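# Breakdown of the fold
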Amino acid sequence: MLAKLKNLGPGLLFAGAAIGVSHLVQSTRAGADFGLGLLWALLLAHLFKYPFFQFGPRYATATGESLLDGYKKLSKGILILYFVLNLATIFTVQAGVTIVTAGLASNFFGDFINLKVWTIIIISTCLLLLVIGRYKLLDRLMKIIVITLTISTIVAVSIALFNHTEPLSFKQVLPENPLDIAFLIAFMGWMPAPLDISVWHSLWTVEKNNDTKNYNTKSALFDFNIGYISTIFLGTGFVLLGALVMFNSGETFSDSATVFSSQLIGMYTTNLGNWAYIIIGLAAFTTMFSTTLTTLDASPRAMEKTTQLLFNKSTKLNYRFWIILLCMGTIGIFLFLASEMGLLIKIATILSFITAPFYAIINYILISSKHTPKDCRPSKLMHIWCVLGIAFLAGFSFWYLSTL
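Here we summarise the structure given alongside this text. None of these values were measured; they are calculated from a predicted model.

## A short note on the overall build of the protein
If you tally the helices and strands in the protein, you get 15 helices and zero strands. By sequence separation, contacts in the protein at least 24 residues apart represent 85% of the contacts at least 6 residues apart. For the protein, the accessible surface area stands at approximately 16,400 Å², while carbon and sulfur atoms represent 66% of it.

## Some points on empty space enclosed by the protein
Summed over the entire model, instances satisfying the criterion amount to three cavities of 30 Å³ or more. Roughly 270 Å³ of internal volume is contained in the largest cavity. For the largest cavity, the lining is made up of 25 residues, of which Val93, Trp190, Pro194, Asp196 and Ser352 are closest to its centre. Broken down by secondary-structure element, the contributors of at least two residues to the lining of the largest cavity are helix 2 (10-18), helix 3 (21-34), helix 6 (76-109), helix 9 (197-212), helix 12 (277-311) and helix 14 (341-367). The dominant element in the lining of the largest cavity, judged by the number of residues it contributes, is helix 6, at six residues. Residues that form the lining of the largest cavity fall into these classes: 16 nonpolar, eight polar and one charged. The space that makes up the second largest cavity amounts to roughly 40 Å³. Considering the residues around the second largest cavity, the lining is formed by Leu24, Thr153, Ala156, Phe238, Leu241, Tyr268, Ile280, Ala283 and Ala284. Of all the elements in the fold, those that place two or more residues in the lining of the second largest cavity are helix 7 (115-163), helix 10 (217-245) and helix 12. Ranked by residues supplied to the lining of the second largest cavity, first place goes to helix 12 with three residues. Counted by class, the lining of the second largest cavity contains eight nonpolar, one polar and no charged residues.

## Notes on the packing of helix 3 against helix 10
Angle between the axes and distance between the axes are the two parameters that describe a pair of packed helices. For the pair helix 3 and helix 10, interaxial distance at closest approach is 6 Å and the crossing angle is 45 degrees. Taken together, the axis directions place helix 3 and helix 10 in an arrangement best described as oblique. Relative to helix 10, the crossing made by helix 3 is right-handed. Residue-level inspection shows His23, Leu24, Ser27, Thr28, Gly31 and Ala32 of helix 3 in contact with helix 10, the latter providing Thr231, Leu234, Gly235, Phe238, Val239, Gly242 and Ala243.

## Observations regarding the nonpolar core
Among the nonpolar cores identified, the biggest contains 122 residues, and Phe52, Leu68, Tyr71, Leu104, Phe187, Met188 and Trp200 are the most heavily contacted of them. At 14 residues, helix 6 tops the list of elements feeding residues into this core. Setting aside residues up to four positions removed in sequence, phenylalanine 187 forms contacts with Ser22, Gln26, Ser27, Ala30, Leu38, Ala41, Leu42 and Val239.

## A closer look at unusual backbone geometry
Backbone geometry places asparagine 312, a non-glycine residue, at a positive phi of 60 degrees. Structurally, asparagine 312 can be placed in the loop between helix 12 and helix 13 (319-337).

## Things to note about the layout of surface pockets
Summary: where empty space remains is shown by rolling a probe the size of a single water molecule over the atoms. Here the second largest pocket is characterised by a volume of approximately 380 Å³. Contributions of two or more residues to the lining of the second largest pocket are made by helix 7, helix 10 and helix 11 (257-272). For the lining of the second largest pocket, the element with the highest residue contribution is helix 10, accounting for three residues. Across the lining of the second largest pocket, the residue classes break down as 11 nonpolar, seven polar and two charged.

## Focus on the environment of valine 131
Within the fold, valine 131 resides in helix 7. Of the residues examined, valine 131 reaches a relative accessible area of 27% and is grouped as partly exposed. C-alpha of valine 131 to C-alpha of arginine 320: the two residues are 189 residues apart in sequence and 7.6 Å apart in space.

## Things to note about the side chain of serine 27
The topology assignment puts serine 27 in helix 3. Serine 27 sits in the buried class, given a relative accessible area of 0%. In this structure serine 27 touches Ser22, Leu42, Phe187, Met191, Gly235, Phe238 and Val239, once residues within four positions along its chain are discounted.

## Description of the packing of aromatic side chains
This model, assessed by the stated rule, comprises 22 aromatic pairs. The interplanar angle of 15 degrees and the centroid separation of 5.3 Å between the aromatic rings of tyrosine 50 and tryptophan 385 together place this pair among those described as stacked. One end of the pair, tyrosine 50, is in helix 4 (residues 39-63); the other, tryptophan 385, is in helix 15 (residues 380-403), and 335 residues separate them in sequence. Aromatic rings pair up to connect Phe14, Tyr50, Phe53, Phe224, Tyr228 and Trp385 into one cluster.

## Observations regarding a nonpolar patch on the surface
A cluster of nonpolar side chains, contributed by Ile147, Ile151 and Val155, occupies part of the molecular surface with about 260 Å² of accessible area. Among the residues examined, isoleucine 151 registers a relative accessible area of 51% and is labelled exposed.

## Side note on the side chain of histidine 46
Within the secondary structure layout, histidine 46 lies in helix 4. Once residues within four sequence positions are removed from consideration, histidine 46 is found in contact with Met191, Pro192, Tyr228, Thr231 and Ile232.

## Some points on the pattern of salt bridges
Following the criterion strictly, the structure yields four salt bridges and no others. The salt bridge partner of lysine 73 is glutamate 65, with a shortest N-O separation of 2.9 Å. Between aspartate 69 and lysine 305 there is a salt bridge, and its shortest N-O distance comes to 3.6 Å. Remark: lysine 305 occurs in helix 12 and aspartate 69 occurs in helix 5 (residues 67-74); sequence separation between them is 236 residues. Residue lysine 305 is classed as partly exposed on the basis of its relative accessible area, which comes to 23%.

Definitions and limits used
- Residues numbered from 1 in each chain as written.
- Predicted model: local features only at pLDDT ≥ 70, side-chain atom pairs only at ≥ 80, totals over all residues.
- Heavy atoms only, no water.
- Helix = DSSP H or I, 4+ residues; strand = E, 2+ residues; numbered from the N terminus.
- Contact = heavy atoms within 4.5 Å.
- Areas by Shrake-Rupley, 256 points an atom, 1.4 Å probe, with all protein chains shown as cover.
- 1 Å grid on protein atoms, 1.4 Å probe; cavity = no way out; pocket = protein on both sides within 12 Å on 5 of 7 lines; lining within 4 Å.
- Points joined across faces, edges and corners; volume = space filled by probe spheres on them.
- Nonpolar A, V, L, I, M, F, W, Y, C, P; charged D, E, K, R; others polar.
- Axes fitted to C-alpha atoms, helices over the stretch in contact; angles between N-to-C directions.
- Parallel < 35°, antiparallel > 145°, perpendicular 65-115°, else oblique.
- Left-handed = near helix turned anticlockwise from the far one by under 90°.
- Core = buried A, V, L, I, M, F, W, Y, C linked by side-chain atoms within 4.5 Å.
- Buried < 20%, exposed > 50% of the residue type's maximum accessible area, 1.4 Å probe, protein only.
- Phe/Tyr/Trp six-rings, centres within 6.5 Å; stacked < 30°, edge-to-face > 60°.
- Patch = residues over 30% accessible without salt bridge, like charges linked within 9 Å, V, L, I, M, F, W, Y side chains within 5 Å.
- Salt bridge = Lys/Arg side-chain N within 4 Å of Asp/Glu carboxyl O.

Keep in mind these numbers describe shape, not what the thing actually does.
Quick look at the structure:
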């Protein structure tokens, strides 16, 4: 058991990347607007996305390669399509998570400097950590961050439950008007994360194996399951917080990062007491900083690998090139669209859900193909699970598109 715990790494990085906007913003809003009525969406999203996320570390440990290598073996066209989809979303995703983090920093640490400066400080800090420490530092930091986040969230939920006197309603709802349907799709789009994070996970797994030389399929799946269970547990926790503290309060969330952060922390402290400010602030900021850090590492890592595979050699479009370009693009988007945080997040999350069937199908085809050793291919039960998962993701995507 100690050896398994020591090998934890990519699974916690997955959790750190996943537990961000989807939990702090979307889950809290789901609880605030619908009470516990969308718990079904949270649980089903986790259930049906599970196999396709799991195939990332499974394929990487079975072959010693990332999913991107596998995509190229299936077809170079698939790799090109991945490159285009990733390029179309990385700046919006990074800007969205960084803006939320900056807004929380401004409220938690003080607004003695403005939001623009906080954004530059956060993105620069993450850049410095990653350029100097690369994977090893990220691996160590994430263990501390996830533990801190879990403890602070448990404390916050416990306090909210203790102070809540009315019985909780577990009645589930299915949104009917276009705005609520759009929110539902956005909620599931990043719950627990976009499916393309399976690519990031496979890259982290390869890096972990290079680092330890003792990270096999069994260790990788144990690590992944720990991270995945964490996302379910904390996602439910944030829905509960939203439902217990904000449901039926009459408040509406702002699309401005600073105002949203102030509302979020302020509504908790109003209901739980000013002494809870540090707990809520720490949980919120830790959540978003972990997402900002892991996203800033993973996107450049994926883009570097993709360009290497497309050109069959290392190019100047390396990790440092992509991470600097991503930082510059994030700051540029922030300068022009900081007040549209809600719109940025909605666009990114809806795109993630609509493209989810693509990643699900490709991952399923790859893990079932001749490129994966037979003993690591899916079982009959997993095949059925995958078919149901693809039907679920495709069905909800078509349903949303039909409402437009």
